[in-house]
Amino acid sequence: MEDKSLHLIVVLITVLCLFQLSCQTNKSKTNQADYVTETSGKVDFGKTDVSAYTPEIRANMEKLYEEKFGMFVHWGPYAQLEGVWDGKEVAAEWIMNRAKIPVKEYEQQAAGKFKPVKFNAKDWVDIAENAGMKFIVLTAKHHDGFAMYKSKHPYNLVDFAGFGRDILKELSDECAGRKMKLGFYYSQSQDWHEEGGAGNDWDFGSRIKAQDKFDAYFNGKVAMQVDELTRNYGDIFMVWFDTPIQMDDAKCQLMMDLVKENQPGALVNSRLGQGFGHFDVSIDNGKTPSVSRATWLPDLKVPWQTHESVTQLGWGYTSYGGENDRSTEYSDFIYSLCRIVGNGGVYLLNVAPRPDGTIPQSQVNSITAIGDWLKVNGEAIYGADPSPLKFPPYAITSKPGKIYLHIKDWEANKVELTGILSKVNKAYCLADLSKQSLAVKQDGAELSVTVPENLKHPQVTVVVLEIADQEAKIIDETIQQEANGRLDLPVAKCEFAIRRISYDYDEKVTHRWGENQKQGLIWTVNITKPGLFKVISEDNGDEKLVYELISTTDSLRLQANKEIGILRKKEQEGAISITNPGVQQIMVSPKVTSNQSSRFKFKGLELVPVK
């Protein structure tokens, strides 16, 4: 006990010194990033030095890449309210913020009554295992500031609510005995319970806090609790930070150092802030149109991660979104896993327990359906590499000598694919234990496989292609300029500069693009006929959004359609010059950000030569 106290004193002194230095050199740089939509700092991922990928970190990163699939758990006093305040359906884990519930009332009506007497760690781990999940990430403290364990800070489940049990200890012990890896979510900046924490402007006057108040909060609560979490609960697989408001380099580095000291192998996500972290995290429900290996090191595959929930209308439990039967969507959840892994990612799928600690059967059914599918198709997910094609037409994964085609929607009994040049020696359905050979037609880059009706999986069918090469040979996917000089730049063929954006596979448009200026969309093109080009855009309208098209030699300001509604094409004013021939990148990024980004849809651009 004395050693721990001495250690904590040393840590806090170090924090104070770092913060004083930071304030002296960076007094005016307060992060004003929106806590829902925007990103933090000039760099969103990649500031952490390669030297931070120690042997311990590398070992866990390899496990993360290998295992692909984990369970997110959003659970706290907000569950007690079941999404309802003053008789109205408000929100799940954000209910305190959205209903502007005063701290004292939230203490009385939510935190003070929160006693999850039916929590059973074994049940949770059973559920995760049956779903094929390999790790669990639990909210140890969400934005309401309530610690879900026995913390020295008094606002915690054990002491404040009088529950008397440390559920993190119970879960940690159960995971250790079952070889289930455990991680903790921790909201390091937003804390609606504390005057110095960011976010609460209904009790404390402003969402962004004075630097001295935020520093006091960070020193007195965050540093202490992250130290507790990484010291007292066995081996920790990852620490999942969130919403880095007011996080500067010194604070981020302090968190990286603290986690490393106590848990040398624990992975830290990019939502710590300012570009720090071991792996990148997308926007919530973040999808990408392309395979991304941007986070890989030369000798280490570093996946990106995205997250989704089997609940509706929130990540935490509500009476109107936490019990819903989603059996008609099982195929969608399975296919999300396939698509994410196929594009180089890891899937964190959320459940929301009831106030009593039980996970609703409807939620269990949703994730168990994925586990049942993985029992026969797991080869195509666990340890799989992304699609060899950067822009796959559907979910594709790969391993040396094999390509896995994940088919959810069928046209007759045919699976067709353009782009693979390696010879296919055999094709079969992964769920077919006999590995019955399927009829294959291959003509250059064109491939067709016929799958009999009786071999189709009722949800997602995996067709295995055994190829002649260990690494598939593919076509050149660079966008080619047409013979008449036109250049088509669809969003479906772009790469994202940052992950705080998403993509709609059905409509082939962006989702939540235009929120901040770092959301670049990048196309790799081959220019054979340089010149001056008019620009035609296609979107559904945002009267204020202005974005910039940038070539290697010129730029042009563009404006979204003022007519808000269905997707329309619009000829932009002015023209852009592309003077250099050859392979190069063209990008668009927002300049005047969107006021309706969740509804704004951008489909792409056409560049037409000016005659």
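Along each chain, the written sequence defines residue order, and numbers are assigned to residues from 1. Owing to the predicted nature of the model, reporting of local features is limited to residues with pLDDT of at least 70; listing and counting of side-chain atom pairs is limited to 80 or more, with chain, interface and lining totals taken over all residues. To obtain the side-chain values, all non-hydrogen atoms of the structure were used and water was disregarded.

As for the overall build of the protein
Link 1 in the chain: If you tally the helices and strands in the protein, you get 11 helices and 29 strands.
Link 2 in the chain: Both definitions apply: the radius of gyration is a C-alpha atom measure, and the globule rule equals 2.2 Å times residues to the power 0.38. Here the protein has a C-alpha radius of gyration of 25 Å; the compact-globule value for 611 residues is 25 Å, and the two agree.
Link 3 in the chain: Projected onto the principal axes, the alpha-carbon positions of the protein cover approximately 75 × 60 × 50 Å.
Link 4 in the chain: Note on exposure labels: buried denotes an accessible area under 20% of the residue type's maximum, exposed denotes more than 50%, and partly exposed covers the range between, all computed with a 1.4 Å probe on protein chains only. The buried share of the protein, reckoned over its 611 residues, is 58%.
Link 5 in the chain: Contacts were defined at the residue level, with two residues in contact if any of their heavy atoms lie within 4.5 Å. Pairs at least 24 apart in sequence give 76% of the contacts found in the protein among residues at least 6 apart.
Link 6 in the chain: Computed by Shrake-Rupley with a 1.4 Å probe, the accessible areas treat only the displayed protein chains as cover when residues are assessed. Split by element, the accessible area of the protein, about 24300 Å² in all, is 49% carbon and sulfur. Per the convention used, a helix needs a DSSP run of H or I reaching at least four residues, while a strand needs a run of E reaching at least two, with both numbered from the N terminus.

Here we look at the packing of aromatic side chains
Link 1 in the chain: The pairing test for Phe, Tyr and Trp rings, Trp by its six-membered ring, is centres within 6.5 Å, and the orientation test on the planes gives stacked under 30 degrees, edge-to-face over 60, and tilted for anything in between. Scanning the entire structure with this criterion turns up 25 aromatic pairs.
Link 2 in the chain: Centroid distance Phe72 to Trp315: 6.4 Å. Interplanar angle 70°. Geometry classified as edge-to-face. On the criterion of sequence distance, the pair formed by Phe72 in strand E1 (residues 69–73) and Trp315 in the loop between strand E8 (304–309) and helix H10 (330–342) is long-range, its members being 243 residues apart.
Link 3 in the chain: Between the aromatic rings of Phe214 and Phe218, the centroid separation amounts to 6.2 Å while the plane-to-plane angle is 35°, which identifies the pairing as tilted. Within this pair, Phe214 and its partner Phe218 are both found in helix H8 (residues 211–231), separated by 4 residues, close to a single helical turn.
Link 4 in the chain: Accessibility expressed as a relative area gives 0% for Phe214, which makes it buried.
Link 5 in the chain: Owing to a relative accessible area of 0%, Phe218 belongs among the buried residues under this scheme.
Link 6 in the chain: Grouping aromatic residues by their ring pairs yields a cluster made of Phe72, Tyr185, Trp240 and Trp315.
Link 7 in the chain: For the cation-ring pair, Lys408 lies above Tyr335, with the distance from its terminal atom to the ring centre recorded as 5.8 Å.
Link 8 in the chain: Both a distance and an angle decide whether a charge sits over a ring: NZ of Lys or CZ of Arg must be within 6 Å of the ring centre and within 35 degrees of the ring normal. Across from the ring centre of Trp410, 4.4 Å away, lies the NZ or CZ of Lys456, which sits over that ring.

Side note on the sheet that holds strand E16 (residues 461–467)
Link 1 in the chain: Spatially, 4 strands are ordered E10-E11-E16-E13 in an open sheet, and the strand pairing comes out antiparallel. Each edge of the open sheet is held by one strand with a lone partner, namely strand E10 (396–399) and strand E13 (424–429). Neighbour-to-neighbour, the strand axes of the sheet open up by a mean angle of 20°, direction not taken into account.
Link 2 in the chain: Bridging between strand E11 (residues 402–407) and E16 involves 6 bridges; their strand directions are antiparallel. Residue His406 lies in a different strand from E16, and its bridge partner there is Val462.
Link 3 in the chain: Note on definitions: angles span 0 to 180 degrees between N-to-C directions of axes, and those axes are lines fitted to C-alpha atoms, for helices only across the stretch in contact. Against the sheet, H10 engages E10 and E11, with an angle of about 55° to E10. In this analysis, strands are considered paired if DSSP registers two or more bridges between them.

Quick notes on the packing of H8 against helix H9 (residues 249–262)
Link 1 in the chain: Packing of H8 against H9 leaves a shortest axis separation of 9 Å and a crossing angle of 15°. With respect to each other, H8 and H9 are oriented roughly parallel. For H8 against H9, the interelement crossing comes out right-handed. Of H9, the residues touching H8 (which contributes Gln211, Phe214, Asp215, Phe218, Val222, Ala223, Val226, Asp227, Thr230 and Arg231) are Lys251, Met255, Leu258, Val259, Glu261 and Asn262.
Link 2 in the chain: Ten residue types, Ala, Val, Leu, Ile, Met, Phe, Trp, Tyr, Cys and Pro, are classed as nonpolar, four, Asp, Glu, Lys and Arg, as charged, and the remainder, Gly among them, as polar. Split by residue class, the contact of H8 with H9 holds 8 nonpolar, 3 polar and 5 charged. The labels follow the angle: roughly parallel below 35 degrees, roughly antiparallel above 145, roughly perpendicular from 65 to 115, and oblique for the rest. It is the rotation of the near helix from the far one that decides the hand of a crossing: anticlockwise by less than a right angle makes it left-handed, clockwise makes it right-handed.

Section: the sheet that holds strand E12 (residues 414–418)
Strands pair in a sheet through their backbones, by hydrogen bonds, and they do so in one of two ways: parallel or antiparallel.
Link 1 in the chain: Strand order in the open sheet formed by 3 strands is E12-E15-E14, and the pairing between neighbours is antiparallel. Bordering the open sheet on either side are E12 and strand E14 (439–443), each of which pairs with just one other strand. Strand-to-strand twist of the sheet, defined as the mean angle between neighbouring strand axes without regard to direction, takes the value 10°.
Link 2 in the chain: One ladder, built from 5 bridges, connects E14 with strand E15 (residues 446–450); its direction is antiparallel. Bridge pairing in E15 links Gln442 to Leu447.

So, unusual backbone geometry
Link 1 in the chain: At Asp86, a position not held by glycine, the phi torsion is positive, near 55°.
Link 2 in the chain: Within the fold, Asp86 resides in the loop between strand E2 (84–85) and strand E3 (88–89).
Link 3 in the chain: You will see that Lys100, though not glycine, has its phi angle at about 55°, which is positive.
Link 4 in the chain: Tracing the chain through its elements places Lys100 in the loop between helix H4 (95–98) and helix H5 (103–109).
Link 5 in the chain: Residue Lys100 is classed as partly exposed on the basis of its relative accessible area of 38%.

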